[in-house]
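# Structural overview for review
Chain by chain, the residues:
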Amino acid sequence: MNLLEAWVHTSGGAALGWTLAHSLWEGALVAMVLAGALAVLRSSRARYAAGCLAMLAMLAGFFLTFQHVLAEQRIQGGVGQGFAIRSAPPGLGDGSIVTKVPARFRAVEYLPWLAPFWIAGVLFFQLRGVASWLAARRLGRRGVCAATAFWQGRTERLAARLRLSRGVTLLESCMAEVPVVIGYVRPMILMPVGLMTGLPAGQIESILLHELAHIRRHDYLVNLLQIVVEGLVFYHPAVWWISGVIRAERENCCDDLVVATQ
């Protein structure tokens, strides 16, 4: 406990606490700007780009604020040194008014204690992300079988139509409940067992085009960025709203690409 308390009262711990406090209004401001942009933009691609820029703005704002506050803490030479309460000016008599002020500044003393709670939350969400990644890898290895040669060939032709340079493997999965793309270097499309025999060929092609569009647009990388930012700013409702906007508009972008390709 003494070690933790000593770290909390370092300039880094204080800077992190102040950064977390400032990120509340910064994230709210970013969300307001995005809401205004969404009210004007109609294109799914533009709305998606606006959401991604908002996510990057929250990430950049967090680190820039930390860097700025850390520099100020080091200049001041310690935690709370720049917030010390001075003696009462001559015009205030015995200083009875100033004695009521310290309660207002107690937040300065406790704010650095947000840092260890934030670190614990970041570890939790990053471990959850690793667990999701492991589950996805397991999903692509267990309970899968190769699709028929007809649909594998059809998938290759659809990929060529979208100008995909990477090969895409089409598998049927008894564990997947919906069509899903797994992997980036060697992407795989998992289709629930029975789906390809229970739907008309035209609908299956539309589904395949939609999943191929995710690969074509490198949505896997953007999703990784979302997981990182969600883990860092997990305490802010704005980051979850922005992430929801990105995911919704991502699907709309893929649907638009399917319509344009057919």
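Just above, that's the structure.
Residues numbered from 1 in each chain as written. Predicted model: local features only at pLDDT ≥ 70, side-chain atom pairs only at ≥ 80, totals over all residues. Heavy atoms only, no water.

With 26 residues, the main nonpolar core has W118 and I242 as its most contacted residues. Taken together, the elements giving at least two residues each to this core come down to α2 (11-40), α3 (44-76), α5 (114-139), α9 (219-232) and α10 (237-261). Per element, the largest residue contribution to this core is 8 residues, and it comes from α3. In contact with I242, not counting residues within four places along its chain, are V30, L34, G51, A54, M55 and M58. Listed in part, the 17 residues of the second largest apolar core include L162, M191, I204 and L208. (Core = buried A, V, L, I, M, F, W, Y, C linked by side-chain atoms within 4.5 Å. Buried < 20%, exposed > 50% of the residue type's maximum accessible area, 1.4 Å probe, protein only. Helix = DSSP H or I, 4+ residues; strand = E, 2+ residues; numbered from the N terminus. Contact = heavy atoms within 4.5 Å.)

Of all 5 residues making up strand β2 (residues 169-173), 4 are buried, and the element is well covered by its neighbours. Across 3 bridges, the pairing between strand β1 (residues 144-146) and β2 is antiparallel. Bridging across to β2, V144 finds its partner in S173. Relative to strand β4 (residues 188-192), β2 runs parallel, the two being bridged by 5 bridges. Bridge pairing in β4 links S173 to P192. (Pairing = 2+ DSSP bridges.)

The next subject is the pattern of salt bridges. Within this structure, the stated rule accounts for 4 salt bridges. A salt bridge links R154 to E205, with the nearest nitrogen and oxygen atoms 2.6 Å apart. In this pair, R154 is assigned in helix α6 (residues 149-161) and E205 in helix α8 (residues 201-216), connecting sequence segments 51 residues apart. A relative accessible area of 18% means that R154 is categorised as buried. Linking D219 and R217 is a salt bridge whose minimum nitrogen-to-oxygen distance equals 3.3 Å. The partly exposed category is assigned to R217, whose relative accessible area is 23%. (Salt bridge = Lys/Arg side-chain N within 4 Å of Asp/Glu carboxyl O.)

Now for the packing of α2 against α5. The relative placement of two packed helices comes down to the angle between their axes together with the axis-to-axis distance. Between α2 and α5, the least distance of the axes is 8 Å, while the angle of their chain directions is 75°. Classified by the angle between their axes, α2 and α5 sit roughly perpendicular to one another. Here α2 contributes G13, L16, G17 and L20 to the contact with α5, which in turn contributes L114, A115 and W118. Its residues assigned to classes, the contact of α2 with α5 shows 5 nonpolar, 2 polar and no charged. (Axes fitted to C-alpha atoms, helices over the stretch in contact; angles between N-to-C directions. Parallel < 35°, antiparallel > 145°, perpendicular 65-115°, else oblique. Nonpolar A, V, L, I, M, F, W, Y, C, P; charged D, E, K, R; others polar.)

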